[in-house]
Amino acid sequence: MSTLTLDVGGMTCASCAARIEKRLNRIDGVHATVNFATEQARVDFPDTVSPDDLVAAVAATGYTATLPTPEPAPEPTASPEPERDDADGWRQRVLVSAALSVPVVALSMIPALQFTNWQWLAFTLASPVVVWGAWPFHRAAWTNLRHGAATMDTLISVGVTAAYLWSVWALFFTHAGMPGMKMPFEWVSRGGAPHLYLEVAAAVTTFLLTGRYFEARAKRKSGAALRALLDMGAKDVAVLRTHGEVRIPIAQLAVGDVFVVRPGEKIATDGTVTTGTSAVDASMLTGEPVPVEVGPGDTAVGATVNVGGRLEVRATHVGADTQLAQMARLVSEAQSGKAEVQRLADRVSAIFVPIVFGLALLTLAGWLLTGNSVAAAFTAAVAVLIIACPCALGLATPTALLVGTGRGAQLGILIKGPQVLESTRRVDTVVLDKTGTVTTGRMSVVGVHVADGESEAEIVRLAGALEHASEHPIARAIAEYAGGGLPPVTGFENHGGRGVTGVVEGRAAAAGRASWLELPVPAGLSAAAEAAEAEGRTPVWFAADGRIRAVIIVSDTIKDTAAEAIDQFRALGLTPVLLTGDNRGAAEAVAAQLGIEQVVAEVLPADKVAEVKRLQADGAVVAMVGDGVNDAAALAQADLGLAMGTGTDVAIEASDLTLVRGDLRAAADAIRLSRATLRTIKGNLFWAFAYNVAALPLAALGLLNPLIAGAAMAFSSVFVVTNSLRLRRFSPVR
C-alpha cells in the first residue's frame, strides 16, 4: 500500500467532501479521507491503482485534484511572489455586492423611501448581485447537477434564483411593476401581495458571500501554525569549502557538509556541533523559552536560533529527514484525518441536501393545500432552502482540529491523529517511565564523603582527573562535578565495568566498587554508602596509594518540573503510576519525593506491557509516558501513548502524542490541549445541529423571513470557525 495526499479543488461544503470520499473508496483496495477544511484527500491505495486513477476519480465527481510535486530549489536571486489568498476573491464580491444590496434592502424595508418606480431601481441594482455576485454558487450548483448531485451550493443557487425569478415575474406580469407600488416590511413574512423578493435575493447573496469570506480568512488562520512551522527553516546557509565560505540555498545542502552559524542566525539543518560554544533558542520548536547551551559534540536542531557565539555544524539530516520536517509531516497528517464525530457529521451532510429539497417541496405543498397564497407558500419554501445549508456541520471538526494541532505544534506537542482526542477524554491513569521521563537520565554527583584527615577538594580533583579518561556515564558525572583544570592521567585502564585505575600526579588512583578494590573500608564511609544504596543511589569508592580515601554518591536526578507535572496530572483526574526497570529502592525513593503512591519496579520491557494490560484489565484507561526503546511496546499497548521527543525514534513511532521537549509538564499540557480541542469540536457540532434542528421548523411554518434566514445561515458558519479559533489562545499551566 502507498499513501498519497491530493490537493482537491472545487469543494464548497462537507457534502462535497463526502461525495469525493465515497467515490474514491469505491475503488478496490482504496481507503480515502477527504478533509473539507484543508481541501486535501489522504489516500491509501494498492499497487494495482495508479495516482492518475485517483485524480480521474475525483474529476469524474466534478472536482479537480492535483498530485503533489517536489518543490524546485529556490533561485538565490529570485524574489518570492506574494501568495494569493482565497479570501481575496470573496472580498471583492462581498464589497461590490454589499454596495449594490444596501440600497435594495433599504428601499424594500422602509416604505418611506419607496418613491415612484423605486422597484425598477431595486431590480437594476439587485440583478448584478444575483448574477455576478452569486456566480460561484450557480457555477458549483451546475457542476454538481451535471454529475447528478446536489450540495449546499444547490440550495443557495435555487433559493436565490427562485426569489429573483419570482420578483421578475411579479414586476413584468403583475401590478407590482406599476408606478406608485408600495411594499411593507415584515419580520415574519406572510407573503402578502404585492411583494417582491429582490432584497432577499440580493441580501442573502451578500450575507452568504460574507460568510464565505470570513470562512476563507478563518481557514487561513487555522492553518497558519503549520505554515509557520514550514516557513521556520533557514532559506540559505554558509557552507565551509576548501576555498572558504560559500553561501548556497538550503536545498543544496548535503549530509556531511560543515556550515557556519553566526549569532542571530537560524541553524540550517539538523547536525552536530564541531567547533564553538553558544546558547541556542529552541522555543520555536519546543515552546521552551530558556536557551540551551551547546558545544562540540552536541546535537543542533534545524530552525533553532543561535543566540550566542559562532558555531560550525556538520549536517546529519537534511530535507525531509530533519526534525522540523518530521514535525510538519506529523501535524499535516493529524489535520488531514477525521475523528469519529466528524464522520457522523459527514454522513449527515451527505443526505442533508436531498432531505432539505424534500422539506422545501413539502412546505410549498403544505401551505398551498391549507389555502394560503402562492406568495406565502413560496416565502416559506425559500426560507427552508436558505436556512438549511450544512456549512457549519462541515466546518465544525476540521477547523477545530486545524487550530488545535497547529497550536500544539507551536508548544512542542505533536498530535498524531484526530482519534487521539477521544482517548484523552477517557484516560484516568498515567503510567510514567522513570529514567529520562521523570528523571533527567543523566547521572550527577549528589554527595562526597571523605575519610578522616582528607581534603574534599583534593579528593574531588584527583577523582575527577581519573574519571575524565572514561566514557562511562557515572565517570562523566564525577568529571563534570570536578570542573576544569584537571591534571593529566597516565597508565589509565578500564576494568570492564568494575572500575578504573591510573596514575594522577604520581599517585596510583582507583575508582569503582568496594568489592573490586578489596581494601579496608573506613566505618564512617560504610554507613554513608549503605544509606545511599537504601535511597537507590550509587556509591563510587575512590582509593589512592592503596587506601580508600572517599566515597562519592552518584544519582540520576529528578527533573525540576516533575513534581509540578504530577500535580497537574492529578488536577486532570489522572492517577500516576511509576513503572521502571530500575531497582525498587531507587524507584521508591523517586516516588516518595514526587508523592507517587503506586510503584512497579525491576520490570523487563515485556513486563511493562504486561503491567499496562493488567491496569487495563482492572478497568483503567491508561496513558503511558516514556522515552526509550524499552518503552515502545508499552506505549503501543496503552490507550494513549506519549513519547518524550528527547527519546528514541522507536518510542516516538509507537506513541500517539510526541512531546518535543523533555519537560514532563508537556504531557499534562498535551492532554489538556487534546481535551480542549475535543470539547470545541463537540460544542461546534452541537450548535451546528441545534441550529438546523431549531431553524428548519421555524422556516417551514413561515416564521422566518428569508432575509433573516440568510443572515442566520452565514452567521452559523462564522460562529463555528470563530469558536475554533479560540484554541489559538490555549496556554500551558505554569
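Residues numbered from 1 in each chain as written. Predicted model: local features only at pLDDT ≥ 70, side-chain atom pairs only at ≥ 80, totals over all residues. Heavy atoms only, no water.

The protein chain is annotated in an unreviewed UniProt entry as Cation-transporting P-type ATPase B of Mycolicibacterium cosmeticum. Here the protein chain is described in UniProt, under the heading Catalytic activity (unreviewed entry), as follows: "ATP + H2O = ADP + phosphate + H(+)". Word for word, the UniProt comment on the protein chain under Subcellular location (unreviewed entry) is "Cell membrane". (UniProt positions renumbered as here; feature names shortened; annotations may be inferred.)

## Structural notes on the overall build of the protein chain
Within the protein chain, the regular secondary structure consists of 26 helices and 26 strands. Considering only residue pairs separated by 6 or more positions, the protein chain has 70% of its internal contacts joining residues 24 or more positions apart. Element-wise, carbon and sulfur atoms account for 58% of the exposed surface of the protein chain, whose accessible area totals about 31,400 Å². (Helix = DSSP H or I, 4+ residues; strand = E, 2+ residues; numbered from the N terminus. Contact = heavy atoms within 4.5 Å. Areas by Shrake-Rupley, 256 points an atom, 1.4 Å probe, with all protein chains shown as cover.)

## Digging into the pairing of strand β6 (residues 244-249)
When strand β5 (residues 236-241) meets β6, the two strands line up antiparallel, connected through six bridges. Its bridge partner being in β6, Val 239 is matched across the sheet by Val 246. Between β5 and β6, which pair antiparallel and follow one another directly, the connecting turn spans two residues. (Pairing = 2+ DSSP bridges.)

## Structural notes on the sheet that holds strand β21 (residues 547-558)
Pairing in this open sheet of six strands is antiparallel, and the strands run β16-β21-β20-β19-β18-β17 from one edge to the other. Each of the sheet's edge strands pairs with one partner strand only, and the pair in question is β16 (439-450) and β17 (489-494). If you compare each strand with its neighbour and ignore which way they point, the axes differ by 20° on average. Note that strand β20 (residues 538-544) and β21 share seven bridges and pair antiparallel. (Axes fitted to C-alpha atoms, helices over the stretch in contact; angles between N-to-C directions.)

## Notes on the pattern of salt bridges
Two side chains carrying opposite charge are able to pair once their charged atoms lie near each other. Considering all chains together, one arrives at 17 salt bridges under this definition. Residues Asp 236 and Arg 247 are paired through a salt bridge, measuring 3.0 Å at the closest nitrogen-oxygen approach. Of this pair, Asp 236 sits in strand β5 while Arg 247 sits in strand β6, and the two are eleven residues apart along the sequence. The residue Arg 614 makes a salt bridge to Asp 618 at a minimum N-O spacing of 3.0 Å. One salt-bridge network, in which partners are shared between bridges, spans Glu 245, Arg 262, Arg 310 and Glu 312. (Salt bridge = Lys/Arg side-chain N within 4 Å of Asp/Glu carboxyl O.)

## Overview of the sheet that holds strand β12 (residues 305-306)
What the three strands build is an open sheet, ordered β10-β9-β12; its pairing is antiparallel. This sheet does not close on itself; its edge strands, each paired only once, are β10 (292-294) and β12. Of the strand pairs in this sheet, strand β9 (residues 278-281) and β12 are connected by two bridges, and their pairing is antiparallel. Residue pairing across strands places Val 280 opposite Asn 306, the latter belonging to β12.

## Quick word on the packing of helix α12 (residues 374-387) against helix α25 (residues 665-700)
When two helices pack together, their arrangement is given by the angle between their axes and by how far apart the axes lie. Contact pair α12 / α25: the axes reach a minimum separation of 8 Å and the direction vectors enclose 165°. One finds that α12 runs roughly antiparallel with respect to α25. Along this stretch, α12 crosses α25, giving a crossing that reads as right-handed. Touching Ala 380, Ala 383, Val 384 and Ile 387 of α12 are Tyr 691, Asn 692, Ala 695, Leu 696, Ala 699 and Ala 700, all from α25. Here the residues of the contact of α12 with α25 sort into nine nonpolar, one polar and no charged. (Parallel < 35°, antiparallel > 145°, perpendicular 65-115°, else oblique. Left-handed = near helix turned anticlockwise from the far one by under 90°. Nonpolar A, V, L, I, M, F, W, Y, C, P; charged D, E, K, R; others polar.)

## Brief notes about the UniProt feature "transmembrane region" (unreviewed entry) in the protein chain
What UniProt calls "transmembrane region" (unreviewed entry) maps, in this numbering, to residues 94-112, 118-135, 155-176, 196-214, 348-369, 375-403, 684-701 and 707-725. Split by type, residues 118-135 is 94% helix and 0% strand. Its first and last C-alpha atoms lie 26 Å apart.

## Notes on the nonpolar core
If you look at the biggest cluster of nonpolar residues, it comprises 40 residues, and the most contacted ones within it are Phe 137, Tyr 164, Leu 196, Tyr 197 and Leu 198. At the level of secondary structure, the elements contributing two or more residues to this core comprise α3 (86-109), α4 (118-133), α6 (152-173), α7 (198-222) and α12. In terms of residues, this core owes the most to one element, α7, which gives nine residues. (Core = buried A, V, L, I, M, F, W, Y, C linked by side-chain atoms within 4.5 Å. Buried < 20%, exposed > 50% of the residue type's maximum accessible area, 1.4 Å probe, protein only.)

## A short note on helix α16 (residues 456-467)
Helix length check: α16, at twelve residues, gives a terminal C-alpha distance of 16 Å against a target of 16 Å (1.5 Å per residue), a fit within 8%. Taken together, the buried positions of α16 are Ile 459, Val 460, Leu 462, Ala 463, Gly 464, Ala 465, Leu 466 and Glu 467. (Expected span 1.5 Å × (residues − 1).)

## Some details on the pairing of strand β7 (residues 258-261)
Residues Val 258 and Val 260 line one face of β7 and the alternating positions Phe 259 and Val 261 line the opposite face, and both faces are buried. Sheet topology places β5 next to β7; two bridges connect them, and they run antiparallel. The residue bridging Val 239 from the neighbouring strand is Phe 259, located in β7. By the bridge criterion, four bridges tie β7 to strand β13 (residues 311-317) in an arrangement that is antiparallel. Bridged to Phe 259 within β13 is Val 313.

## Topic: the packing of aromatic side chains
The full count for this structure, using the stated rule, is nine aromatic pairs. On the basis of an interplanar angle of 85° and a centroid distance of 6.2 Å, the ring pair of Trp 120 and Phe 123 is categorised as edge-to-face. With Trp 120 and Phe 123 both in helix α4 and three residues apart, the pair spans about one turn of that helix. An aromatic cluster is built from Trp 120, Phe 123, Tyr 164 and Phe 172, whose rings are joined through pairwise contacts. The residue whose ring lies beneath Arg 93 is Trp 132, and the NZ or CZ to ring-centre distance is 4.7 Å. (Phe/Tyr/Trp six-rings, centres within 6.5 Å; stacked < 30°, edge-to-face > 60°. Lys NZ or Arg CZ within 6 Å of the ring centre and 35° of its normal.)

## Some words on the side chain of Asp 433
The residue Asp 433 is located in strand β15 (residues 429-433) in this model. Look at Asp 433 and you get buried, because its relative accessible area is 4%. Among the polar contacts listed, one links the side chain of Asp 433 to the side chain of Lys 608, at a separation of 3.1 Å. In contact with Asp 433, other than residues within four places in its own chain, are Val 438, Leu 578, Leu 579, Lys 608, Met 624, Val 625, Gly 626, Asp 627 and Asp 631. (Polar contact = N/O pair within 3.5 Å; in protein donor to acceptor, adjacent residues only side chain to side chain.)

## Quick word on helix α5 (residues 135-146)
In this model α5 runs 16 Å from its N-terminal to its C-terminal C-alpha over twelve residues, within 8% of the 16 Å that 1.5 Å per residue would give. Phi turns positive, to about 70°, at Gly 148, one or two residues after α5.

## Focus: the packing of α4 against α5
Two numbers describe how α4 lies on α5: the axes approach to 5 Å, and their chain directions differ by 45°. Taken together, the axes of α4 and α5 are oblique relative to one another. Contact residues: α4 offers Val 130, Val 131, Trp 132 and Gly 133, while α5 offers Trp 135, Pro 136 and His 138. Residue composition of the contact of α4 with α5, grouped by class: five nonpolar, two polar and no charged.

## Concerning the environment of Leu 579
Relative to the helices and strands, Leu 579 resides in strand β22 (residues 575-579). The spacing of Leu 579 and Met 624 is 45 residues in sequence and 9.5 Å in space, taken between C-alpha atoms. If we skip the residues at most four places from it in the chain, Leu 579 touches Val 431, Leu 432, Asp 433, Lys 434, Val 600, Val 603, Lys 608 and Glu 611.

## Examining the environment of Gly 702
Position of Gly 702 among the secondary structure elements: in the loop between α25 and α26 (706-725). Judged by its relative accessible area of 3%, Gly 702 is buried. The spatial distance from the C-alpha of Gly 702 to the C-alpha of Val 384 is 9.1 Å, given a sequence separation of 318 residues.

## Details of unusual backbone geometry
Positive phi, close to 50°, is recorded for Glu 505, a residue that is not glycine. Mapping Glu 505 onto the fold places it in the loop between β18 (499-504) and β19 (507-512). A positive phi angle, near 55°, is found at Glu 518, a position not held by glycine. Mapped onto the elements, Glu 518 comes out in the loop between α18 (514-517) and α19 (523-534).

## Points about the side chain of Ser 555
Here Ser 555 shows up in strand β21. Accessibility expressed as a relative area gives 11% for Ser 555, which makes it buried. Setting aside its immediate chain neighbours within four residues, Ser 555 contacts Arg 442, Met 443, Ser 444, Val 446 and Arg 537.

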